[in-house]
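Chain residues, written in single-letter form:
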Amino acid sequence: MPLVNISNDEKIWAGAKLRLFNVGLNVADKKQDYYEYLVSYIYDNEDFLQLTNLSEGKAGNILCVIPKDKLNHYSLGKSLKEMVGLDNTYVLFE
């Protein structure tokens, strides 16, 4: 689902995946030109969630952190949009 189509009030939970396309990888098939990130908890930090790269060669790199609702352990679509931008960004909720 394109990030632009997510409502600002959408709950973004740990475990959601995000793909950022057109990142400039040297690939023949442009459908494979993306980095994939996982929304995950940060050890001993109750204020933020992080987006951790899962892609080969970049795995473990952190794209950004997003503020978390401490009581409910999720972030909002608005925060995700502000931090990663809308261009070529898609979310996979599992």
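To be clear, the structure that these remarks concern was listed above.
Q: Before we move on, could you go through the nonpolar core and cite the residues and values that matter?
A: Ranked by size, the top nonpolar core spans 16 residues in total, and within it Leu-18, Leu-51, Leu-80 and Val-84 carry the most contacts. Mapped onto this core, the elements with two or more residues apiece are strand 2 (17-21), strand 3 (34-42), strand 4 (45-53), strand 5 (62-67) and helix 1 (77-84). It is strand 3 that contributes the most residues to this core, 3 residues altogether. Apart from residues no more than four positions distant in its own chain, Leu-51 is found in contact with Leu-18, Tyr-37, Leu-38, Val-39, Asn-61, Ile-62, Leu-63, Cys-64, Ile-66, Leu-80 and Val-84.

Q: So, the packing of aromatic side chains: which residues are in play, and what are the values?
A: On inspection of all chains with the given rule, the structure shows 3 aromatic pairs. Seen from their ring centres, Phe-21 and Tyr-34 are 5.2 Å apart, and the 50° between their planes marks the pair as tilted. Of this pair, Phe-21 sits in strand 2 while Tyr-34 sits in strand 3, and the two are 13 residues apart along the sequence. On the basis of relative accessibility, which here comes to 17%, the residue Tyr-34 falls in the buried class. Ring centres of Phe-21 and Tyr-90 lie 5.5 Å apart, and the angle between their planes is 90°; this geometry places the pair in the edge-to-face category. One end of the pair, Phe-21, is in strand 2; the other, Tyr-90, is in strand 7 (residues 89-92), and 69 residues separate them in sequence. Among the residues examined, Tyr-90 registers a relative accessible area of 36% and is labelled partly exposed. Members of the aromatic cluster, each reached through a chain of ring pairs, are Phe-21, Tyr-34 and Tyr-90.

Q: Tell me about the sheet that holds strand 7, and please be specific about residues and values.
A: Ordered in space as 5-4-3-2-7, the 5 strands form an open sheet in which the pairing is antiparallel. The open sheet has two free edges, formed respectively by strand 5 and strand 7, since each of these has just one partner strand. Strand after strand, the sheet turns through a mean of 25° between neighbouring axes, direction not considered.

Q: Give me the lowdown on the pattern of salt bridges, citing residues and values where you can.
A: A complete count under the given rule lists 2 salt bridges for this structure. Here Arg-19 ties to Glu-36 by a salt bridge, and the two come within 2.8 Å at their closest N and O atoms. With Arg-19 in strand 2 and Glu-36 in strand 3, this residue pair connects regions lying 17 residues apart in the sequence. Residue Lys-70 is joined to Asp-47 by a salt bridge in which the shortest nitrogen-to-oxygen separation is 2.8 Å. Linking Lys-70 in the loop between strand 5 and strand 6 (74-76) with Asp-47 in strand 4, this pair joins segments that are 23 residues apart in sequence. Under the relative-accessibility criterion, Asp-47 is labelled partly exposed at 34%.

About the thresholds
- Residues numbered from 1 in each chain as written.
- Predicted model: local features only at pLDDT ≥ 70, side-chain atom pairs only at ≥ 80, totals over all residues.
- Heavy atoms only, no water.
- Core = buried A, V, L, I, M, F, W, Y, C linked by side-chain atoms within 4.5 Å.
- Buried < 20%, exposed > 50% of the residue type's maximum accessible area, 1.4 Å probe, protein only.
- Helix = DSSP H or I, 4+ residues; strand = E, 2+ residues; numbered from the N terminus.
- Contact = heavy atoms within 4.5 Å.
- Phe/Tyr/Trp six-rings, centres within 6.5 Å; stacked < 30°, edge-to-face > 60°.
- Pairing = 2+ DSSP bridges.
- Axes fitted to C-alpha atoms, helices over the stretch in contact; angles between N-to-C directions.
- Salt bridge = Lys/Arg side-chain N within 4 Å of Asp/Glu carboxyl O.

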